[in-house]
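Here's the letter readout for the chains.
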Amino acid sequence: MRFSSVRTAAFVLGRELAITALLLAGVSLVVFAILFLAPGDPFSLLLEGQMGDDAVREALGVPTAWYAQYLSWVSNILRGNFGTSVHTGLPVLSEIIRVGINTLYLTLGALLITLVIAIPIALLSARMGNTSLTLPLTIAAYVISALPVFWLGYIAIYISTHRFGAFPIVVGSSGTQGLNMTAFLLPIVVLGVGNGTISEVVRYLREEMGRVFAEEYIRTAKAKGGSVWRHSVREGFIVPITQIIATKIPFVLGGAVVVEQVFNWPGMGRMAWQAAQTRDYPLIMGITIIAAVIVRMGSLLQRVVHFMVNPAAAGD
Amino acid sequence: MKGKQITLLAIFALAALCISSNVQALTRNDGGVDGGLLNYGEYGRPATLDPITSNDMISLRVSELLFNGLVGIDEKQEIVPELAERWEISDGGRAYTFYLRRDATWHARAGEEPLPFTADDVVFTFRIMTHPKTITPLKVRYEFIDGVEKLDDFTVRFRLKRPILNALAKFSFKIIPAHGPANPEFLTRRDPFVHQPIGTGPYMLKSITGDREVVLEANERYFKGRPHVDRFVGKPFADQNIMTQAMMFNAIDMIILVNPRNIPEIQGDRRFVLQPYNALSYSFFGYNLRNPLLADRRVRQAFTFAINRREMLDSFFNGQGTIISGPFAPGSWAYNLDVLPLQYDPDRARDLLEEAGFRPGQDGVMEKDGEQLSLTLKVPIEKESEAVKRVVLAFRSYLRKIGVDVRVEFKEWLSWKEDVFLSHDFDIIFASWVFDDSADISSLFHSAEIGPWKNNFGAYSNPEVDSLIVESKLTLDHEKRRTIYRKLHDLVAEESPYTFLWTLTNYAAYQKKVRHVAIHPYKYFSFADEWYILEEDRP
Amino acid sequence: MKRYTQRSSVVVEFSDLPFWKKADRRDLFYLGFGLLVLTMVLVSYALGSLEWLPYDPQEIDLDMLMAPPGTEGHLLGTDFMGRDILSRLVLGTQAYFLPGLLSITIALTLGSLVGVLSGYWGAGFDTAATYLGNLLDSFPRLVFILLVVAAFKPDIYYIMVVVGITNVPVVSLLIRDKILSLKQKTFIEAAKALGLRNRTIIFRHILWHNCRSTLIIQATLGMAEAILIESSLSYLGFGVQEPTPSWGNMVQAGSNYFMQGQFWSSTAPALAILVTIMGFHLLGDGLNYILEGKRS
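Quantities reported herein were computed from a predicted structural model and do not represent experimental measurements.

Enquirer: So what's going on with the overall build of chain B? Residues and values would help.
Expert: The secondary structure content of chain B amounts to 15 helices and 24 strands. In summary, chain B has a C-alpha radius of gyration of 25 Å against a globular reference of 24 Å for 539 residues, a match within 12%. Taken along the three principal axes of its C-alpha coordinates, chain B extends 85 × 60 × 45 Å. Here chain B, with 539 residues, has 60% of them falling under the buried criterion. Once local pairs closer than 6 in sequence are excluded, the contacts in chain B between residues at least 24 apart make up 68%. Surface summary for chain B: the accessible area is close to 21400 Å², and the carbon and sulfur share equals 51%. Each charge class in chain B can be summarised by its mean position, and for the 66 positive and 74 negative side chains these summaries are 2 Å apart.

Here's what the structure looks like:
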């Protein structure tokens, strides 16, 4: 690699990292602001009036002034200390990591399913225009994007149990029963199909690919007898696909909250729901931040891929 | 790599342990066989697993398996020895001396020898439980104890502030080891002990996953003899429908409390046993007497006449329960069977409202002095509390028929608690009380219990009730207390600070393979060491 | 292949042809379906407000719990309280009307404001707007809503404020792109040269004449979103609460009986959600193609 391109790469990477850092700082401020403005005091509720506030605060070691709270919270977070859950008393970060990995499997699997469904539809309609084949496919994409995902999950479970006699749910994570493939696949498929983004992904990819197909150099390649596909892969394929993955991560993570409930999937979304119910502030704070970090990392990765595919376009 | 090392170490430690201490598993001769695995489903996740900081049913069940009290309470509600072999009561009921078992040991931590249970642990438990910095809901229940002293390694004496009836039952609180908590002064949810507790009970905690799946293993050294089932696994669920399906498809073996709507489905299935068990609890509508509209007894009585409890019980709970008339659980000795529940009578309800000065106003809502009889009913949101929704919606519809306007407001659990117990911002609530054996209702209706976070949330105050409650607390004679309670029942029923509804029959459902199952009314797993699974039934 | 040649950010000059002549068959199908759904929703809303319903949607009938469709005049059957599902379905549109409007209003006003600031005045505003947009996009929406629920209370209006705010970047980006393209065509310079005031240019010429259809389309999509979010939250227990009917809490209540094979009480509201969301999406897309000339 030439020197100048290394420098550009370093510059682009540095800039993207700085942007990510700035955004995450903003995320922490937003999360803190929301909880700071929130009425009520979780500690007093936990105790049900057994002792005065100060005694509890002393026992749990919480500072009182808002900026002191924010600063101590942020500096703790930077050191990997997200505090301890009010509900269970366990360190928040390790709790989230223990279940977060399951959510990551679910989300990535679901994104894969979304793409597996969306790409062929997008390709077909980009290549062939509106034909009697692509219209029903597009409509179908609209239909499944519009279903409430928990209801889709119930249907999937009902069909799986009553038609195939298979119980498609992972019960617990201690592994006291053998692995069950449908139990892993079904939630992923349901989230992939039902996260409400398929029609948007189809539309976006179709537009991007259509643009690439229409561009001059492909016509030239075609004229020379080269493959349309090979030329369009980099520009029209990798960039838009990574782009759409990066933008859809937050949607799929949000959908995971519901799907994890339905399928008893031991993940972060279920934990977020539990935390909302018990008003476990440190935990829901931690989950929101970790989710935002995942989203930002996805975005960062996308920029890197974009740079590798097309340094010129990504550089500006 | 790291994980592997730890496992190896643990195995090594285990091997060393077996050689050195020459353990012989204590077998029990009650006809059961050892072995097998029992998965039970839980709706929700336990917060902590120790008996002091936890306050949910799921943790309660786990700590029942892990720990023992000085005394236990058996199926017939009688006091039986547990960690204490025998006891003496002296000084006119002010001193309780417990003589402890010498053969009880604490569960061994990895790489450690099991330590014996001694008087120090009892003293330690009491101290840590009453320490001001310990966060526990138990504190108020042990205010009657003045102090505890160790007489020798296996004898302790508790001194009471004043003699009380049935004090012995209160010594069923669970004992934790002095070497357990990292902080020997007080216990908070940050202490590692609350997640990795060790006890003296029939089961030992093997692991708890990030998802709060609890794996418990039989304690070979349990002083009552090794429990039969090798392993208990508590599986957490986030959706009750799915939990029932999990049992239908053999993914779990047992559900402790079956949702009423699933009863017909399980009843029709020969693979399962549906076992009713008594619950010392009841449901009620509680009124806020701070509201002048509800301060009139006739209004509250009218509400009780206006609702058809039989119809609700039959439609929503398949008739599985008992309609009650007063403030005690019908399963308890304190319940007065001579007081009959009021019959459904909407005309009588309307008459009572008119007697109280209400007249039908515009849009059919009753009014008095221009004020409409319009009330807010606050209910906590529970995601799948369909039964709760049904009861409150039916209540609203019954009251509408006698011209009372009820606005139902669902609130998230914690803010509901704040509204009811702290700011008293409600007119009516729908809730349930769960009792222990003492049938103590003093905190519910005594006027000294009015105030933030106290149980007399409706500010009910009646000197006669107060004096009856005080009288009942002072007496040390069981029969006399029963007479007082009968009077109290009659009076509270007449006064209607609540509309008492019913005690529901609880149902546990489990696979037929689990034998000899008995379920404790409010501790659930007290007899779990006697359950067993025959070898031919195991997968 | 001509229809693929335009980039999304480029605005097509409008010809003088009336829009229905520019539309192809698919566009008309989308638009027709969307309008049909919209009409149905509006009619339902009106019927609900006038209480012209087959049954009282609050009327409890304990002898008719979970009756299947067609029982004694209940066209879609009854729910777990014996209430008529059809009446509740019709009345359910009301649950979305004001909350949906709130979220749309927030998204459109704030979105236009930010869009105009960053597109018209550019530079600093633009950077700030992009930053805020990326910031809001960093939160998975449902997780963010759970955070707000935990912090405040599970009130549909609070939730819709969050939904509205998280939609601001989408709207502002569209407006900004539109303004930039107008700038490219020296439209704005021309207006300024004519001596028009900034306020007039922004409100009349940019927002009204050029962004109107964009805003209408976003409003349609915003309504669809409000419905979907509410139904997810109803499943989690934080949506519209009984006794007020919403499609989300009806699906949730009915799905408790799904595994026992009693499908109807959740299927009817679920289909209502499905058809409505689809209708709004197709309406949005149809309008997009026809009014904006965007092709995909």
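Enquirer: Residues and numbers for the interface of chain A and chain C, please.
Expert: On the chain C side, the residues contacting the 57 residues of chain A number 52 residues. Taking both sides of the interface into account, the surface hidden between chain A and chain C amounts to around 5100 Å²; carbon and sulfur atoms contribute 73%. Looking at the side of chain A facing chain C, the largest losses of area belong to F150, W151 and Y154 of chain A, adding up to 14% of the total buried there. At the junction of chain A with chain C, the criterion picks out one salt bridge. Salt-bridge contacts for D285 of chain C lead to R203 of chain A; the nearest nitrogen and oxygen are separated by 2.9 Å. Scanning the region where chain A abuts chain C turns up seven residue pairs in polar contact (both at pLDDT 80 or more). Every element with two or more residues in the side of chain A that touches chain C is listed here: helix 1 (3-37), helix 5 (92-128), helix 6 (134-145), helix 7 (149-164), helix 9 (198-214), helix 11 (228-262), helix 12 (268-278) and helix 13 (281-309) of chain A.

Enquirer: Provide a residue-level description of the confidence of the model for chain B, including the pertinent values.
Expert: All names here are of chain B. For chain B, the average pLDDT comes to 87, and 94% of its residues sit at 70 or higher. For chain B, the element scoring lowest by mean pLDDT is helix 1 (residues 2-21), at 36; strand 5 (residues 95-100) scores highest, at 96. Overall, residues 1-24 carries pLDDT values under 50, and its contacts beyond four positions in sequence, including any with other chains, amount to nine contacts.

Enquirer: Kindly report on the packing of aromatic side chains, identifying the contributing residues and their values.
Expert: Describing an aromatic ring pair means giving the distance of the ring centres and the angle of the ring planes. Under the criterion given, the structure shown has 57 aromatic pairs over all chains. Taking 5.7 Å as the distance between ring centres and 65 degrees as the angle between the ring planes, the aromatic pair formed by Y287 of chain B and F303 of chain B counts as edge-to-face. Residue Y287 of chain B is found in strand 13 (residues 281-287), and its partner F303 of chain B is found in helix 8 (residues 297-306); the two are separated by 16 residues along the sequence. With a centroid separation of 5.9 Å and 10 degrees between ring planes, the pair formed by F457 of chain B and Y498 of chain B is classed as stacked. A residue pair is termed long-range when its members are at least 10 positions apart, and F457 of chain B in the loop between helix 13 (442-445) and helix 14 (463-474) and Y498 of chain B in strand 21 (residues 498-504) qualify at 41 residues. Across this residue pair, the class does not change: F457 of chain B and Y498 of chain B are buried. These aromatic residues form a ring-pair network of at least three members: Y282, F284, F421, F426, W433, F445, F457, Y460, Y498 and F500 of chain B. Positioned over the ring face of F251 of chain A is K248 of chain A, at 4.3 Å from the centre of the ring. The ring of Y524 of chain B carries the charged tip of R61 of chain B above its face, separated from the ring centre by 4.7 Å.

Enquirer: For the sheet that holds strand 13 of chain B, give the residues involved together with the corresponding values.
Expert: All names here are of chain B. Within the open sheet, the six strands sit side by side as 14-21-13-20-18-19. Their pairing is mixed. Strands with a single pairing partner mark the edges of an open sheet, and in this sheet they are strand 14 (321-323) and strand 19 (405-412). Pairwise comparison of adjacent strand axes, ignoring direction, gives a mean angle of 30 degrees for this sheet. Bridge analysis of strand 13 against strand 21 gives four bridges, and the strand direction is antiparallel. Across the sheet, the residue bridging to G286 is Y498, located in strand 21. Across the sheet, helix 12 (residues 413-422) touches strand 18 (374-381), strand 19 and strand 20 (428-434), and the angle it forms with strand 19 is around 125 degrees.

Enquirer: Explain the pattern of salt bridges residue by residue, including any values.
Expert: Counted by the stated rule, this structure contains 42 salt bridges over all chains. When the shortest N-O distance is used, the salt bridge between R212 of chain B and E95 of chain A registers 3.0 Å. Of this pair, R212 of chain B sits in the loop between strand 8 (203-208) and strand 9 (214-218) while E95 of chain A sits in helix 5, placing the two residues on different chains. Neither residue differs from the other here; R212 of chain B and E95 of chain A are each classed as buried.

Enquirer: Account for the environment of E207 of chain A, naming residues and giving values.
Expert: Considering the arrangement of structural elements, one finds E207 of chain A in helix 9. It is 9.7 Å that separates the C-alpha atoms of E207 of chain A and P240 of chain A, two residues lying 33 residues apart in sequence.

Enquirer: Now, about the domain arrangement of chain B: what can you tell me, with residues and values included?
Expert: All names here are of chain B. In terms of domains, chain B is made up of domain 1 (68-187) and domain 2 (283-504). Summarising the inter-unit geometry, the C-alpha centres of domain 1 and domain 2 are found 36 Å apart. Contact with domain 1, which involves nine residues of that partner, is made by nine residues of domain 2. Around 780 Å² of area is buried between domain 1 and domain 2 when both sides are counted, 51% of it from carbon and sulfur atoms. Considering only the surface of domain 1 that becomes buried against domain 2, R162, L165 and N166 emerge as the three largest contributors, covering 56% of it. Here domain 1 is connected to domain 2 by zero salt bridges.

Enquirer: Explain helix 4 (residues 123-137) of chain C to me, using residue names and the numbers behind them.
Expert: The first and last C-alpha atoms of helix 4 of chain C sit 21 Å apart over 15 residues, in line with the 21 Å expected at 1.5 Å per residue. Taken residue by residue, helix 4 of chain C has D126, A129, G133, L135 and L136 of chain C as its buried positions.

Enquirer: Report on the nonpolar core, specifying residues and quantitative values.
Expert: Core analysis: the biggest nonpolar cluster contains 230 residues, and F285, F303, L377 and F445 of chain B have the highest contact counts within it. Per-element accounting of this core gives the leading share, 14 residues, to helix 8 (residues 198-236) of chain C. Once you skip the residues sitting within four places of it in the chain, L377 of chain B turns out to touch F285, V392, F395, V406, R407, V408, E409, I428, I429 and F430 of chain B.

Enquirer: Please provide a residue-by-residue account of the pairing of strand 18 of chain B, values included.
Expert: All names here are of chain B. With seven of eight residues buried, strand 18 lies mostly within the body of the structure. Of the pairings in the sheet, the one linking strand 18 to strand 19 comprises eight bridges and is parallel in character. When the sheet's bridge partners are listed, V379 is paired in strand 19 with F410. Sheet analysis places strand 18 next to strand 20, joined by two bridges and oriented parallel. Residue pairing for strand 20: K378 is matched across the bridge by I429.

Enquirer: Describe the packing of helix 3 (residues 85-121) of chain C against helix 9 (residues 247-255) of chain C, listing the residues and the values that go with them.
Expert: Residue and element names in this part refer to chain C. Between helix 3 and helix 9, the shortest axis-to-axis distance is 8 Å and the interhelical angle comes to 135 degrees. The pairing of helix 3 with helix 9 is recorded here as oblique in orientation. Facing helix 3, whose interface residues are I85, R88, L89, G92, T93 and Y96, helix 9 presents W247, G248 and M250. Looking at the contact of helix 3 with helix 9, its residues break down into five nonpolar, three polar and one charged.

Enquirer: Please give an account of the interface of chain B and chain A that cites residues and values.
Expert: The interface of chain B with chain A comprises 45 residues on the first partner and 43 residues on the second. Of the roughly 4100 Å² buried where chain B meets chain A, counting both sides, 55% is carbon and sulfur surface. Where chain B meets chain A, there are two salt bridges. Run the count over chain B and chain A and you get seven residue pairs in polar contact (both at pLDDT 80 or more). Where the side of chain B that touches chain A is concerned, the elements lending two or more residues are strand 1 (37-43), strand 10 (231-237), helix 5 (240-248) and helix 12 of chain B.

Conventions adopted
- Residues numbered from 1 in each chain as written.
- Chains lettered and ligands numbered in written order.
- Predicted model: local features only at pLDDT ≥ 70, side-chain atom pairs only at ≥ 80, totals over all residues.
- Heavy atoms only, no water.
- Helix = DSSP H or I, 4+ residues; strand = E, 2+ residues; numbered from the N terminus.
- Rg over C-alpha atoms; globule rule 2.2 N^0.38 Å.
- Buried < 20%, exposed > 50% of the residue type's maximum accessible area, 1.4 Å probe, protein only.
- Contact = heavy atoms within 4.5 Å.
- Areas by Shrake-Rupley, 256 points an atom, 1.4 Å probe, with all protein chains shown as cover.
- Lys, Arg positive; Asp, Glu negative; His and termini not counted.
- Charge placed at Lys NZ, Arg CZ, Asp CG, Glu CD.
- Buried area = accessible area lost by both parts, 1.4 Å probe.
- Salt bridge = Lys/Arg side-chain N within 4 Å of Asp/Glu carboxyl O.
- Polar contact = N/O pair within 3.5 Å; in protein donor to acceptor, adjacent residues only side chain to side chain.
- pLDDT = per-residue confidence, 0-100.
- Phe/Tyr/Trp six-rings, centres within 6.5 Å; stacked < 30°, edge-to-face > 60°.
- Lys NZ or Arg CZ within 6 Å of the ring centre and 35° of its normal.
- Pairing = 2+ DSSP bridges.
- Axes fitted to C-alpha atoms, helices over the stretch in contact; angles between N-to-C directions.
- Domains from an automatic or database assignment.
- Expected span 1.5 Å × (residues − 1).
- Core = buried A, V, L, I, M, F, W, Y, C linked by side-chain atoms within 4.5 Å.
- Parallel < 35°, antiparallel > 145°, perpendicular 65-115°, else oblique.
- Nonpolar A, V, L, I, M, F, W, Y, C, P; charged D, E, K, R; others polar.

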